[in-house]
Amino acid sequence: MKFSIVITTYNRLDLLKRAINSALEQTVECEIIVVDDCSIDGTKKYVNSLGDRVIYYCTSSNQGHAATMNLGVQNAHGDWIKPLDDDDYMAANCIEEMTKAIILHSQAVILSCQAAQVDCHQVEISRTYKRGPGTAFYISQEDIHYGMLLESLPFGTPIQVAFRRDAFLESGGWDTNLRSCDDIDSWIRITEFGDAIFLNQCLVYRTIWIGGYDRKIPLKKRCNTNILIKEKIYTKVHKKYSNLIPELEDIRQYINLHWGIVAFKQKQLLTAINILLPAFFSLKAWQIFLEVTIARRLKKDNKNLIKKVLIN
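Residues numbered from 1 in each chain as written. Predicted model: local features only at pLDDT ≥ 70, side-chain atom pairs only at ≥ 80, totals over all residues. Heavy atoms only, no water.

## Quick notes on the side chain of aspartate 86
- Within the secondary structure, aspartate 86 is located in the loop between strand E4 (80–85) and strand E5 (89–90).
- Within the structure, the side chain of aspartate 86 is placed 3.3 Å from the backbone nitrogen of tyrosine 10, a separation counted as a polar contact. (Helix = DSSP H or I, 4+ residues; strand = E, 2+ residues; numbered from the N terminus. Polar contact = N/O pair within 3.5 Å; in protein donor to acceptor, adjacent residues only side chain to side chain.)

## Let's talk about the environment of aspartate 87
- With respect to the helices and strands, the residue aspartate 87 is situated in the loop between E4 and E5.
- Judged by its relative accessible area of 6%, aspartate 87 falls in the buried class.
- Taking the C-alpha atoms as reference points, aspartate 87 and tryptophan 209, separated by 122 residues in sequence, lie 9.3 Å from one another.
- If near-sequence neighbours (up to four positions away) are discounted, aspartate 87 is found in contact with Arg12, Leu15, Arg18, Thr207, Trp209 and Gly212. (Buried < 20%, exposed > 50% of the residue type's maximum accessible area, 1.4 Å probe, protein only. Contact = heavy atoms within 4.5 Å.)

## Looking at the nonpolar core
- Of all hydrophobic cores here, the largest spans 56 residues; its most connected members are Ile110, Ile139, Phe155, Phe163, Trp187 and Ile190.
- Examining the composition of this core, we find that eight residues originate from one element, helix H9 (residues 248–265), more than from any other.
- One finds Ala19, Cys94, Ala108 and Ile159 within the second-largest nonpolar core, a separate group that totals 37 residues. (Core = buried A, V, L, I, M, F, W, Y, C linked by side-chain atoms within 4.5 Å.)

## Overview of the pairing of strand E8 (residues 136–139)
- Of the two faces of E8, the one lined by Ala136 and Tyr138 and the one lined by Phe137 and Ile139 are each fully buried.
- As paired elements, E8 and strand E10 (residues 195–207) share four bridges and run antiparallel to each other. Its bridge partner lying in E10, tyrosine 138 is registered against isoleucine 197.
- With four bridges connecting them, E8 and strand E11 (residues 306–311) associate as antiparallel partners. Directly across from isoleucine 139, in E11, lies its bridge partner isoleucine 306. (Pairing = 2+ DSSP bridges.)

## Notes on helix H4 (residues 94–103)
- Of all the 10 residues making up H4, seven are buried; the element is thus mostly covered by neighbouring parts of the structure.
- Within the span of H4, buried status applies to Cys94, Ile95, Glu97, Met98, Thr99, Ala101 and Ile102.

## Regarding the packing of aromatic side chains
- Tallied over the entire structure, the rule returns 11 aromatic pairs.
- Ring centres of phenylalanine 280 and tryptophan 286 lie 5.9 Å apart, and the angle between their planes is 80°; on these two criteria the pair is classed as edge-to-face.
- Classification of phenylalanine 280 as partly exposed rests on a relative accessible area of 43%.
- Each residue in the set Phe163, Phe168, Trp174 and Trp187 is aromatic and connected to the rest through ring pairs, giving one cluster.
- The ring of tyrosine 46 carries the charged tip of lysine 17 above its face, separated from the ring centre by 5.1 Å. (Phe/Tyr/Trp six-rings, centres within 6.5 Å; stacked < 30°, edge-to-face > 60°. Lys NZ or Arg CZ within 6 Å of the ring centre and 35° of its normal.)

Functional significance is not addressed by these values, which are geometric in nature.
Quick look at the structure:
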């Protein structure tokens, strides 16, 4: 089994160097691909200066994050893909530990690990929650979408995730029409082809900073895209959960409630009011919100979804 690390970038050379270094420092051999979305900051010159250790591709025009990821995966030779945004980076043993877990469960098509969130100075701010028992466990395909819908199985951002190349290609790749949640949209479709692995190891670092791509998207648009994603997940939930899942409209109102509260915290009061109404008066939306919030704080998981601990 071979890994390809696909690094997507656009005009962030200083950060890109850190991402590339983290790929070069992996304890197992990997193919390293940099896909440049037509940067004008010397990215091409720098990457080419690294010689044959790093493969360089460039889009024909500035096409966005999804298009660069698709180009990288299409040209990769690895069985598994580790996506890496230019402002994030990996621990040196990231691919090694992921490989160990995958070997123990060959039916997996996607893997997610714990991440540390860091500031611009690489100082840790927080960590994503641990999920389930042991160092690694798997979820069967028929249970994944139910867990995603109610957020007991959040795969996370690209830095946390690795996926099987053939499942990515068969699922159609990343949707270039989406400007946010293009990664989660892909996870939904990839997980139709096999099981998922969750690693309770902090193997990656996500930078939280003002230049992050998601910070440039208005909250209302992020909310609407999040609703679209939940609607897609809803259609994929296995029929055995049909009597357990909330009504789709209640899910929509829960998402509005969540993003309305986010807007209030960011002091975007007009946006908050616009998003919150009429979700604020939905008792079911509040119930879902409280259940998700409590589960996160108590780090609870739906143990019925966990099929087997792979590594104690």
